[in-house]
Amino acid sequence: MVRNNWTIGEIQEIYHSPLLELVYRAATVHREFQDTGEVQVCTLLSIKTGGCPEDCAYCPQAARYDTGVGVQSLMKKEDVLAYAEKARRAGSTRFCMGAAWREVRDNKDFDRVLDMVKGVNEMGMEVCCTLGMLTEEQARRLADAGLYAYNHNLDTSPEYYNEIISTRTYGDRLKTLDNVRRAGVTVCCGGIIGLGETHEDRIGMLHTLANLPEHPDSVPINALVRVKGTPLEDNPKVDHWDMVRMIATARILMPKTMVRLSAGRTEMSQAEQAFCFLAGANSIFAGEKLLTTPNPSFEEDMQMFDLLGLKPREAFKDEKELTVLNP
Ligand code: SAM
Ligand code: DTB
Ligand code: SF4
């Protein structure tokens, strides 16, 4: 059963259960609701990099931190489409374009992004964008251009949020998510661990995600990539078992959601990643770069898929299944 009324107490009990029991339970839910042999392969591209006015303490693209990430204006549509085509050929079925913006503005740059969305959609890939805050009208324009998903993360618990970002509120984030959902675009929303938060904060974030009016279609779980120059550069490395606990708990709470093992894979062995797939992760970001930081190469990931007996999930699978059920 898919529930939207999880209590903090129930989530605490799941999250803190003995590790192997937790993984077994998550693997059981995963088997019941998902095709465990498949992993969705998404590719990211930073279409507008750096110079962001926000103060997100983890982010290499915030203008106020000296991280060595240069400012690049919005890429040309042709270059973006060429990169998307390369990703498609390498086996990626979702293409996600990120911009270091606080919010979308109704200007020429947005028109260009709409053109990019149209182009990638015509290539037969699921198109996703992450552009900051968005109005319902802007979400509708993206939907009309063929946008499939919009990524906007809650990042952490409502209580810890103000320690990490001061330039926009948790409420602002929830409003954007609502605008996206109303426009009929699928919601991709998750967060980061390793920001200095407690286990209670992680549980609080999962509680918010699992009790949204509808579960997000995908939930990226990121391990903090510690970037020199950001306020969190000296944070300790995320414990792998904490990542497993987060993924397993997310899988149990949101059985139909794609749970994405997101940032942080370069610091994980294949054995550690395998544990995450067992615990219910069924999506990754592939390709040499995330937005500005390194990620394993396509070749390494395909070798890992071979080793583990996984195959990439096809594009638009949910829609295809719905069409078969209701022709
Ligand atoms: N500027 C837009 C926004 O903030 O919504 C879109 C891009 S932003 C880089 C997308 C997400 O990337 C953030 O919400 C955060 O969860 C994640 N992220 C950014 N820097 C990260 C880091 N160093 N480690 C892990 N995740 C990170
Ligand atoms: C998400 O949850 N993780 C991705 C994507 N959504 C946009 C971004 C990770 C960024 C890691 C730091 C960087 O490469 O700049
Ligand atoms: Fe800007 Fe997004 Fe980075 Fe925050 S996470 S500083 S909004 S690019």
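Here goes a summary of the coordinates provided. (Residues numbered from 1 in each chain as written. Chains lettered and ligands numbered in written order. Predicted model: local features only at pLDDT ≥ 70, side-chain atom pairs only at ≥ 80, totals over all residues. Heavy atoms only, no water.)

### Quick look at helix 9 (residues 240–253)
Along its 14 residues, helix 9 runs 20 Å from first to last C-alpha, staying within 8% of the 20 Å computed at 1.5 Å per residue. With respect to burial, helix 9 is a largely interior element, 13 of its 14 residues being buried. Put simply, Asp239 is the residue that caps the front of helix 9, since its side-chain oxygen is 2.7 Å from the backbone nitrogen of Trp241. (Helix = DSSP H or I, 4+ residues; strand = E, 2+ residues; numbered from the N terminus. Expected span 1.5 Å × (residues − 1). Buried < 20%, exposed > 50% of the residue type's maximum accessible area, 1.4 Å probe, protein only. Polar contact = N/O pair within 3.5 Å; in protein donor to acceptor, adjacent residues only side chain to side chain.)

### Considerations on the site of ligand 1
Every one of the 17 residues lining ligand 1 counts as a neighbour, but Tyr58, Asn153, Asp155, Arg168 and Val225 are closest to it. Contact distances for ligand 1 include 3.2 Å between a nitrogen atom and a backbone N or O atom of Trp101. One nitrogen or oxygen atom from the main chain of Val225 is found 3.0 Å from a nitrogen atom belonging to ligand 1. Surface burial for ligand 1 is 91%, taken as the share of its 560 Å² of free accessible area covered by protein chains. For the shell around ligand 1, the residue count by class is 10 nonpolar, five polar and two charged. (Near = heavy atom within 4 Å. Areas by Shrake-Rupley, 256 points an atom, 1.4 Å probe, with all protein chains shown as cover. Nonpolar A, V, L, I, M, F, W, Y, C, P; charged D, E, K, R; others polar.)

### As for the pattern of salt bridges
Scanning the model with the defined rule gives 20 salt bridges in all. One salt-bridge network, in which partners are shared between bridges, spans Glu54, Arg102, Glu103, Arg105 and Arg168. (Salt bridge = Lys/Arg side-chain N within 4 Å of Asp/Glu carboxyl O.)

### Comments concerning the site of ligand 2
Taken together, Leu44, Pro60, Thr130, Asn151, Asn153, Pro220, Asn222, Phe285, Leu290, Leu291, Thr292 and Thr293 make up all the residues around ligand 2. Asn222 has a polar side-chain atom sitting 2.8 Å from an oxygen atom of ligand 2. Residue Leu291 places a main-chain N or O atom 3.0 Å away from an oxygen atom belonging to ligand 2. Against a free-state accessible area of 410 Å², the protein chains account for coverage of 88% of ligand 2. A per-class count over the shell around ligand 2 returns six nonpolar, six polar and no charged.

### What to know about the state of the cysteines
Tallying each qualifying case throughout the model produces zero disulfides. This cysteine, Cys129, is not joined by any disulfide, and Cys128 carries the nearest cysteine sulfur, 6.6 Å off. In this structure Cys129 comes out as buried when scored by relative accessible area, which is 0%. (Disulfide = S-S within 2.5 Å.)

### Some remarks on the layout of surface pockets
Roughly 800 Å³ of volume is contained in the largest pocket. In terms of lining residues, the largest pocket is bounded by 33 residues, among which Pro216, Asp217, Lys256, Thr257 and Asp318 are the most central. A per-element tally of the lining of the largest pocket places helix 12 (residues 317–325) first, with five residues. (1 Å grid on protein atoms, 1.4 Å probe; cavity = no way out; pocket = protein on both sides within 12 Å on 5 of 7 lines; lining within 4 Å. Points joined across faces, edges and corners; volume = space filled by probe spheres on them.)

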